[in-house]
Amino acid sequence: MLDVIKSLDRITWNTEHHYAHIAAQHDFIRAWAIQFEMGYTDFRVVQMALQLDGGHHDLLARFAAAYDKVYDYEYAFVAGGLDGFNKQFGSQLDDYKTAADDLLKIVDEIRQINGTVK
């Protein structure tokens, strides 16, 4: 498998820190949006690596679905700031946490493929 360790590290960092930022009800900051955009690039790099490696269709599908769930929460924050997020998902913070945790578990699975990604 292609070496995607840095992409996995950034997806992990973004997922953990973006959830914490929103859960703490911090205002939108420009750096957050940049991290969000770069995180999408990292997602696509990992997705491509899984596709090229072959034999991981189930993992690829679960990774994409889990990322999409987290993406929806994060996009609401990027597009509408804290107020926009709260209007759309303010009552679903526990669901966001579950989605983030699920994505992180799948990222850990990807790290373990053939022992090539740590």
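See the structure above.
Below: a short report on this structure. Fair warning: this is a prediction, and the values are worked out from it, not measured in the lab. (Residues numbered from 1 in each chain as written. Predicted model: local features only at pLDDT ≥ 70, side-chain atom pairs only at ≥ 80, totals over all residues. Heavy atoms only, no water.)

Brief notes about the side chain of aspartate 42
Phase 1: By the secondary structure assignment, aspartate 42 is in helix α2 (residues 30–53).
Phase 2: Owing to a relative accessible area of 5%, aspartate 42 belongs among the buried residues under this scheme.
Phase 3: Discounting chain neighbours no more than four positions away, the residues touching aspartate 42 are Ser7, Arg10 and Ile11. (Helix = DSSP H or I, 4+ residues; strand = E, 2+ residues; numbered from the N terminus. Buried < 20%, exposed > 50% of the residue type's maximum accessible area, 1.4 Å probe, protein only. Contact = heavy atoms within 4.5 Å.)

Notes on the pattern of salt bridges
Phase 1: Within this structure, the stated rule accounts for six salt bridges.
Phase 2: Here arginine 111 makes a salt bridge to aspartate 9, at a shortest N to O gap of 2.9 Å. Taken together, the residues arginine 111 in helix α4 (residues 93–111) and aspartate 9 in helix α1 (residues 5–23) connect sequence positions 102 residues apart.
Phase 3: What makes arginine 111 buried here is its relative accessible area of 12%. (Salt bridge = Lys/Arg side-chain N within 4 Å of Asp/Glu carboxyl O.)

Overview of the nonpolar core
Phase 1: Core analysis: the largest hydrophobic core is formed by 31 residues, its most contacted members being Val46, Leu50, Phe63, Phe85, Tyr96, Leu103 and Ile110.
Phase 2: Contributions of two or more residues to this core are made by α1, α2, α3 (57–89) and α4.
Phase 3: Considering every element that reaches this core, the biggest residue donor is α3, with 13 residues.
Phase 4: Not counting chain neighbours up to four residues away, the residues in contact with leucine 103 comprise Ile11, Thr15, Phe63, Ala66, Tyr67 and Val70. (Core = buried A, V, L, I, M, F, W, Y, C linked by side-chain atoms within 4.5 Å.)

Points about a nonpolar patch on the surface
Phase 1: A cluster of nonpolar side chains, contributed by Leu2, Met48 and Leu52, occupies part of the molecular surface with about 310 Å² of accessible area.
Phase 2: Within the secondary structure, leucine 2 is located in the segment before α1.
Phase 3: You can call leucine 2 partly exposed: its relative accessible area is 44%. (Patch = residues over 30% accessible without salt bridge, like charges linked within 9 Å, V, L, I, M, F, W, Y side chains within 5 Å. Areas by Shrake-Rupley, 256 points an atom, 1.4 Å probe, with all protein chains shown as cover.)

What about the packing of α1 against α2?
Phase 1: Contact geometry for α1 and α2: axes closest at 9 Å, N-to-C directions at 140°. Considering how the two elements wind past one another, α1 and α2 form a crossing that is left-handed. Between α1 and α2, the residues in contact are Ser7, Leu8, Arg10, Ile11, Trp13, Asn14, His18, His21 and Ile22 and Trp32, Gln35, Phe36, Gly39, Asp42, Phe43, Val45 and Val46, respectively.
Phase 2: Looking at the contact of α1 with α2 residue by residue, the class counts come to nine nonpolar, six polar and two charged. (Axes fitted to C-alpha atoms, helices over the stretch in contact; angles between N-to-C directions. Left-handed = near helix turned anticlockwise from the far one by under 90°. Nonpolar A, V, L, I, M, F, W, Y, C, P; charged D, E, K, R; others polar.)

Looking at the environment of tyrosine 71
Phase 1: Along the chain, the position of tyrosine 71 falls in helix α3.
Phase 2: A C-alpha to C-alpha distance of 8.4 Å links tyrosine 71 and tyrosine 40, two positions 31 residues apart in sequence.
Phase 3: What tyrosine 71 contacts, discounting residues up to four positions off in sequence, is Phe36 and Tyr40.

Thoughts on α2
Phase 1: The terminal C-alpha atoms of α2 lie 35 Å apart, and with 24 residues this matches the ideal 34 Å at 1.5 Å per residue to within 8%.
Phase 2: Every buried residue belonging to α2 is among Trp32, Ala33, Phe36, Gly39, Asp42, Phe43, Val46, Gln47, Ala49 and Leu50, and all of these are buried.
Phase 3: Close packing links the buried residues of α2 with α1, α3 and α4.
Phase 4: Positive backbone phi, approximately 70°, marks glycine 54, located one or two places after α2. (Expected span 1.5 Å × (residues − 1).)

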